[in-house]
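# Coordinate inspection notes
Chain residues, written in single-letter form:
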Amino acid sequence: MAELSPRMRALVQPHLAQIEPYDPAFAPCRINLSANENTYPLPPAVRAAVDEALVATPLNRYPDPMSNDLRDELARWHGVGRENICVANGGDELIFNLMLAFGGPGRTLTTCPPDFSEYAFFASLVQTPANAVFRDPDTFALRADVLVRAAEGSNIVILTSPNNPTGDLAPLELVERVCRACPGVVLVDEAYGEFAPAGASAEALLDRHRNLMVLHTLSKAFGAAGIRAGYLVAASDIIDVFAAVRQIYSVNVLTQAAALAMVRARDAYRTTVEAIVSERERLHAGLERLAPRVRVWPSTANFLLVRMARAAEVRRRLRDDHSILVRDFSASPGLGDCLRVTVGTPEENDAVLAALAQILDDLTEEER
Ligand code: PMP
């Protein structure tokens, strides 16, 4: 993605002149394990239900702005009311609207990098100063006391659980401390929540903490990144804010219909999620066998973070010699020599392990 031309740099709002667009560094490959998508086929019955719903959807009318049928189904699932749910065009839209509504110049967002880089990017679009409470450089554990102190002066705090790209959970006691300390709002981003152990969700705290909101997406466990559907669970007056600032028709009729069919069929995904979790552990064990050349952190999500010497070169060889795409984080602060590998199907994971072993052997040989 291109940076702005000198001509445009002079014309856009000054704070946007140096903007660096989010770049997922996509390249067409045989095996794409770079974006934490679900690479398993949709359960056939779910795909049939989605197709039927799409065929029955008229295209000539504007969508229901608030996606109320979908909201009702999500509310039943999460044990809340319709008024506690806001649906959006992906979780990304909710994160942007969070900054738009609660951020802005002179206000403060606190995040815990290394985390999802879109937080800082969206904050910069609306001139929200970001206060980074970096994780422990070795374990990536959250620094609880520093975070709680930072929360005391924040308008927004974002915790990611499981965190992208480090894979760890935000402990619920810490989420509670942050909610109590923060005079503003606290987002717990649970985009990967379905892959985490039961009982890890901050949703259990919503009744006690009225400034808490929990973000979900259909892009990961539901295998629906292409339809762009995310949602927020929160107190009704928080949802009213999101309803007020959103683009009214951002969730199109096809997305609403497909998402409703998928959420209705939520039980059918259990097998896939269990398969991904067990493949995650198998891939983790396989990567550990490459130690000490590779370090891998434990993960509660559908990806693993790995560190190895010459990571950028390893990623290049995976892409160019094996047609396997993984994500290179080696240039990100705190993530030197790190790659992130999405957990794929057993065949995809075997291919990554074999290719990595070969590349590491070749590199060792070349260095002799
Ligand atoms: N939060 C986190 C932590 C993510 O990794 C992602 C996607 N990569 C999102 C939110 C947004 O997901 P989407 O917009 O696809 O719903």
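Residues numbered from 1 in each chain as written. Predicted model: local features only at pLDDT ≥ 70, side-chain atom pairs only at ≥ 80, totals over all residues. Heavy atoms only, no water.

### Here we look at the overall build of the protein chain
Within the protein chain, the regular secondary structure consists of 12 helices and 13 strands. Relative to the 2.2 N^0.38 estimate, which gives 21 Å for 368 residues, the radius of gyration of the protein chain is 21 Å and therefore close to what a compact globule would have. Taking the principal axes of its C-alpha atoms as reference, the protein chain extends roughly 65 × 50 × 50 Å. Taking all 368 residues of the protein chain together, 53% fall into the buried category. Across the protein chain, contacts joining residues at least 24 apart in sequence account for 73% of those joining residues at least 6 apart. Here the protein chain has roughly 16500 Å² of accessible surface; of this, 54% comes from carbon and sulfur atoms. Between the averaged position of the 36 positive side-chain charges in the protein chain and that of its 47 negative side-chain charges there is a distance of 2 Å. (Helix = DSSP H or I, 4+ residues; strand = E, 2+ residues; numbered from the N terminus. Rg over C-alpha atoms; globule rule 2.2 N^0.38 Å. Buried < 20%, exposed > 50% of the residue type's maximum accessible area, 1.4 Å probe, protein only. Contact = heavy atoms within 4.5 Å. Areas by Shrake-Rupley, 256 points an atom, 1.4 Å probe, with all protein chains shown as cover. Lys, Arg positive; Asp, Glu negative; His and termini not counted. Charge placed at Lys NZ, Arg CZ, Asp CG, Glu CD.)

### Concerning the nonpolar core
Core analysis: the largest hydrophobic core is formed by 44 residues, its most contacted members being Leu147, Val157, Leu159, Val175, Val178, Leu212 and Leu218. Counting residues per element, this core draws most heavily on helix H9 (residues 253-264), at six residues. If we skip the residues at most four places from it in the chain, Leu212 touches Val175, Cys179, Val186, Val188, Ala202, Leu205, Leu206, Val233, Ala234, Ala235 and Ile238. By size, the runner-up hydrophobic cluster in this structure holds 35 residues, among which are Ile276, Leu283, Met308 and Val352. (Core = buried A, V, L, I, M, F, W, Y, C linked by side-chain atoms within 4.5 Å.)

### As for the sheet that holds strand S8 (residues 230-234)
On the basis of which strands lie adjacent, the open sheet formed by seven strands has the order S2-S8-S7-S6-S5-S3-S4 and mixed pairing. Among the strands making up the open sheet, the edge pair consists of strand S2 (85-88) and strand S4 (130-132). Between one strand axis and the next, the sheet turns through 20 degrees on average, direction left out of account. As judged from the three bridges shared by strand S3 (residues 109-111) and S4, these two strands associate in the parallel manner. Considered in S4, the bridge of Thr111 is made with Ala132. Strands S2, strand S6 (185-189), strand S7 (212-217) and S8 of the sheet are contacted by helix H8 (residues 236-245), whose axis makes an angle of about 145 degrees with S8. (Pairing = 2+ DSSP bridges. Axes fitted to C-alpha atoms, helices over the stretch in contact; angles between N-to-C directions.)

### Focus on the environment of Val46
Topologically, Val46 is positioned in helix H2 (residues 44-55). Here Val46 falls in the buried class, since its relative accessible area comes to 2%. Not counting the four nearest positions on each side in its chain, Val46 is found in contact with Met262, Ala265, Ala268 and Tyr269.

### Brief notes about the site of the ligand
Around the ligand sit 15 residues, and of these Gly91, Asp189, Thr217, Ser219 and Arg228 come closest. At 2.8 Å from an oxygen atom of the ligand is found a side-chain nitrogen or oxygen belonging to Asn164. The separation between a nitrogen atom of the ligand and a polar side-chain atom of Asp189 is 2.5 Å. Among the elements that line the shell around the ligand, the one with the most residues is helix H4 (residues 90-102), at four residues. (Near = heavy atom within 4 Å. Polar contact = N/O pair within 3.5 Å; in protein donor to acceptor, adjacent residues only side chain to side chain.)

### Here's the deal with the packing of aromatic side chains
All chains considered together, the criterion is met by nine aromatic pairs. Judged by centre distance (5.8 Å) and plane angle (45 degrees), the ring pair of Phe121 and Phe122 falls under tilted. Each member of the pair, Phe121 together with Phe122, is buried. Ring geometry for Tyr192 against Phe303: centres 5.0 Å apart, planes inclined by 80 degrees, an arrangement best described as edge-to-face. In this pair, Tyr192 sits in the loop between S6 and S7 while Phe303 sits in strand S10 (residues 303-308), placing the two residues 111 residues apart along the sequence. As far as burial versus exposure is concerned, Tyr192 and Phe303 are alike and both buried. (Phe/Tyr/Trp six-rings, centres within 6.5 Å; stacked < 30°, edge-to-face > 60°.)

### What about a nonpolar patch on the surface?
A cluster of nonpolar side chains, Tyr62, Ile248 and Tyr249, forms an exposed patch at the surface whose accessible area comes to about 360 Å². Along the polypeptide, Tyr249 turns up in the loop between H8 and H9. Note on Tyr249: relative accessible area 36%, which makes it partly exposed. (Patch = residues over 30% accessible without salt bridge, like charges linked within 9 Å, V, L, I, M, F, W, Y side chains within 5 Å. Salt bridge = Lys/Arg side-chain N within 4 Å of Asp/Glu carboxyl O.)

### What to know about the side chain of Asn38
Relative to the elements of secondary structure, Asn38 occurs in the loop between strand S1 (31-32) and H2. Polar contacts involving the side chain of Asn38 include one to the main-chain amide nitrogen of Tyr40, which spans 2.9 Å. Only 3.0 Å separates the side chain of Asn38 from the backbone oxygen of Ala221, close enough to count as a polar contact. Leaving out residues up to four positions away in the same chain, Asn38 has contacts with Ser219, Lys220, Ala221, Phe222, Gly223, Thr272 and Ile276.

### Let's talk about the pairing of S8
Within S8, five of the five residues are buried, which leaves it mostly tucked inside the rest of the structure. Judged by which residues are buried, S8 turns out to be covered on both faces: Gly230, Leu232 and Ala234 on one side and Tyr231 and Val233 on the other are all buried. Where S2 lies against S8, four bridges are found, and the strand directions are antiparallel. Following the sheet pairing, Ile85 is matched in S8 by Val233. Relative to S8, S7 runs antiparallel, the two sharing five bridges. Paired with His216 across the bridge in S8 is Tyr231.

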